[in-house]
Each structure stands twice: as C-alpha cells, then as structure tokens.
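Spelled out from the first residue to the last, the chains are:
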Amino acid sequence: MSDRVKIACAFALIFSFSSIDSAISPLVGPMHAYFNVPLERSIWLICAATAGIVLGVLAGPALTSSFRVSRLLAGGAAGLTAAHAAFLLSGSFAFALSMRFVFGISCGVTASALWWLAFHGVSPERYPAMIVVLMSARPLATAIGVPAVGLAASRLDWRAPLWVLGLCVAASGAFLCRAMPGEEGPKSPLRLGRLLGEYADALRVPYAGAYYAGITINRMCYFGIYALSGVWFITHYGLGLARISAALLAIGMAEALVNFLTPRLLRRWGHDLLFTGSLLLSALLLPLFLTGRLALAWAVAAAALFMLLDRVYSMAAIISIPRMFPVPGNKTTFGSLNTLTAWLGLTAVSGFEARWTGTLGIAAVEWSLIACFLVGSALIYWVQRRTVLGRPAET
C-alpha cells in the first residue's frame, strides 16, 4: 500500500481510539445510570484506561525493539477492538473497569507501533505528514470526535456511537496491519530494565527531575478539568449531554487550532514573552471559571482560552527541551517523558476525583486542581528561569 494509505489509516486509528478514550467524561450521566453507580464513580473508567496506557507506553519502545512491529500492531488493534466490545456488552462495572485497563494497554502498545511506523515505515518525504498525524489526531479527537459522540448519544443509546468508533478501530487497524513493511531489521532480546535505566539517566540530568515533576503536577490540573467536565457541567449548570457536548466542542476547537499557530507565535513574539505571558494569564483565568461562578457562556469562553493558553506554554516548553537539557546524544527519552508524565498525571487525578468528589464535594476538588496548577507551573517556570529564560536561543 502507498504511504498515503498508511497515513490515512494511522489517522483514522488514532482518532477513533482517542475519541473512545476521551468520551467517558461527558458520558458519565448515562454510564452511572447504566452501571448503577454514583455519578463521580464513573470517572474510575478514565483512571483504569489511563493506568493501562502508562504501562503500554512505558513498555512500547522495548517491545518494538524486540518483536515484529507488525505483530505488535495487530495485537494492539485486536486488543483495542476486543476490550472495547466487551466493555460495551458488559453490565458489570468491575468487568467494565478491567476491560478499560486492557483497552489502555492496547492504546499504549499501538501508539508505540505507530511511532515506529513514522520513523521506519514511510518514505522520508512522507515523514512530516506522519508526524503531523501523530501530533494532531488526538487533539482533533477531543475537539470533534468527543462532542460528536456526545451529541449522537443524546439522541440514541449511549453505546451506539461507541460501537461505530469500535468498527473504525477494527477496520483501520486491519488495513494498517496489511500495509506494514515486510522487513523490520534485526531485533534484540527484551530488556525492560534497560528502558527504565534510560529514563533514570534522563532524570539525573540537572533540573530534569524538577521539570518533569512540575509537568506531572501541572498535567493533573489540565487533565483533571477534562476528566471532571461531565460532573462539573451537570453540578454547576445542570446541563444535559447535548449541551455538554456543544460546550466541549467550543473548548476543544480552540485548543486544537492553536497547535498549528504556536510555532508562528514563537517566531513573532519570542519564547520568553509567549511562555511567561501565557502561563501567567492561565493562572488568572483558572479560578475565575473553575469555581462555577461565571455565567455559562463566559465560563465556556474562559475555559476555551485557558486550554488554548495551555497548548501555547506547553508547546513552547517542549520546543525548548534541547536548550533546557543540552546533553549530547539521543534526546528521545526526554520526549517520551513528556508523554509518560502526562498520563501519570491523568491516572492520579482521575483516581483522586473518582474517590473523593462525592466525599469532599466538587468545590474541594476544584481548589485541588487549582493548587496542582500553581505548584506544577511554579516548578516548570523555575526550571525555565534557570535554563532558558533570558538566554539567547543559540546558547
């Protein structure tokens, strides 16, 4: 198959499984009624999948070095399809949690196989297009796929749009498996200890431990808002599924579109002003809307601006990684740490929200998210201040 077909199938696969994964939050209303559990307990379905994703992403690079990637992709796609189908057919909340965990592991393994495909399975002239797919498919799923699921579920059974996405996962995964290269080069014995050692070495670089601790805590706020969004809109504004989906569409579109503008903004305004300004404005916006005191339209607008600014300072920080950690050799591990710490943050915060929202109340959870943002952002800013801010790019 041509590279264009591979890229199209990769986009369809990522978009489909990301839409499934992110649709749990707005569907907490129908799910808590279907599984007969408290509203906030439905968030455990997010936590279970995210814990699996962390394990899959962590093991993925070692697996691609030791096994045929075509088989890993086939296994990952099969795991996604089977676990998702079992989740939709289950009437047991405990069994649904276990299937979400399997779904998450399959997500992580599949994502690693797709990164291998980007580096080794497409021609050099198609490599940039493949990278764009890998970086943009998930934000577009959040912006378009998740609201579409919510709007469809508000008119149909909540499982109907998820069945459609499951079929898309199966079809795109099958086509992509057929398109995988026949030759993959030599493989080495599986050594997970070596992979963990690479992460440990990276975290020993000056300021790296503080930076990635800051990223983890900061991401607990960002992902925590999305994980709580269904409960948040119901509690503060009494919205139904259709209006929650419309609000998430507005927020997600703003976040998705700014990804394509940030490099241009960095060239125009410079790293220091853009990073510091977006981080400061985010700190001012967060308590303004998260406490639910604004009118709905203003709250959605403020949330959209907050998420937009998050993309700006996050991308600015990621682009500056070679300057923050100017070590020789392969810097891939630093990029992987961004993914791992983000998912660790989501796992922790979704578990916290599922366990404590009903006990402490939503206001206490909101202020916990605000505290996570302030502590995490302070650590990120401190590292940036010690390594990047105020220094010319060429140094």
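Since the structure is predicted, the reported quantities are computational estimates derived from the model, not experimental observations.

The next thing to look at is the overall build of the chain. Within the chain, the secondary structure is distributed over 16 helices and zero strands. Expected size for 395 residues packed as a compact globule is a radius of gyration near 21 Å; at 21 Å, the chain falls within 12% of this value. Considered along the principal axes of its C-alpha atoms, the chain spans approximately 55 × 50 × 35 Å. Relative to its 395 residues, the chain shows a buried fraction of 53%. When the accessible surface of the chain is split by element, carbon and sulfur atoms take 68% of a total near 16,700 Å².

Turning our attention to the pattern of salt bridges. One pass over the structure, following the stated rule, counts eight salt bridges. In this structure, the salt-bridge partner of D3 is K6, at a minimum N-O distance of 3.6 Å. Here D3 pairs with K6, and both are found in helix α1 (residues 3-22), just three residues apart, close to one helical turn. This pair shows no difference in class: D3 is buried, exactly as K6 is. Shared partners join several salt bridges into a network, and the residues in it are R219, E255, D310 and R311.

A low pLDDT means the predicted coordinates there should not be read in detail. Taken over all residues, the pLDDT of the chain has a mean of 89, while the share at 70 or more is 95%. The spread of mean pLDDT over the elements of the chain runs between helix α8 (residues 192-203), the lowest at 76, and helix α16 (residues 362-387), the highest at 97.

Take a nonpolar patch on the surface next. Residues L280, L281, L284 and L305 make up a contiguous nonpolar surface patch of about 370 Å² in total accessible area. At three residues, the largest contribution of residues to the nonpolar patch is made by helix α12 (residues 271-290). Structurally, L305 can be placed in helix α13 (residues 296-319).

Further remarks concern unusual backbone geometry. Backbone geometry places N36, a non-glycine residue, at a positive phi of 60 degrees. The topology assignment puts N36 in the loop between α2 (28-35) and α3 (44-66). The phi angle at Y207 is positive, at roughly 75 degrees, despite the residue not being glycine. For Y207, the location among the structural elements is in the loop between α8 and α9 (208-237). Among the residues examined, Y207 registers a relative accessible area of 27% and is labelled partly exposed.

On to α9. The end-to-end C-alpha distance of α9, which contains 30 residues, comes to 41 Å, matching closely the 44 Å that a straight helix rising 1.5 Å per residue would cover. The axis of α9 is deflected most strongly, by about 60 degrees, at S229. A large share of α9 lies buried, amounting to 23 of its 30 residues. Note on α9: the residue one or two positions beyond its end, G238, has a positive phi of about 60 degrees.

What follows covers the side chain of N218. For N218, the position within the fold is in helix α9. A distance of 2.5 Å separates a polar atom in the side chain of N218 from a polar atom in the side chain of R219.

This part covers helix α10 (residues 241-258). The terminal C-alpha atoms of α10, which comprises 18 residues, lie 26 Å apart, in line with the 26 Å expected from a rise of 1.5 Å per residue. If you check which residues of α10 are buried, you get L241, I244, S245, A247, L248, I251, G252, E255, A256 and V258. Down the axis of α10, the buried side of the element spans an arc of 160 degrees, and every buried residue falls inside it.

Cut-offs applied
- Residues numbered from 1 in each chain as written.
- Predicted model: local features only at pLDDT ≥ 70, side-chain atom pairs only at ≥ 80, totals over all residues.
- Heavy atoms only, no water.
- Helix = DSSP H or I, 4+ residues; strand = E, 2+ residues; numbered from the N terminus.
- Rg over C-alpha atoms; globule rule 2.2 N^0.38 Å.
- Buried < 20%, exposed > 50% of the residue type's maximum accessible area, 1.4 Å probe, protein only.
- Areas by Shrake-Rupley, 256 points an atom, 1.4 Å probe, with all protein chains shown as cover.
- Salt bridge = Lys/Arg side-chain N within 4 Å of Asp/Glu carboxyl O.
- pLDDT = per-residue confidence, 0-100.
- Patch = residues over 30% accessible without salt bridge, like charges linked within 9 Å, V, L, I, M, F, W, Y side chains within 5 Å.
- Expected span 1.5 Å × (residues − 1).
- Bend = angle between axes of the 7 residues up to and from the residue.
- Polar contact = N/O pair within 3.5 Å; in protein donor to acceptor, adjacent residues only side chain to side chain.
- Arc of directions from axis to C-beta.

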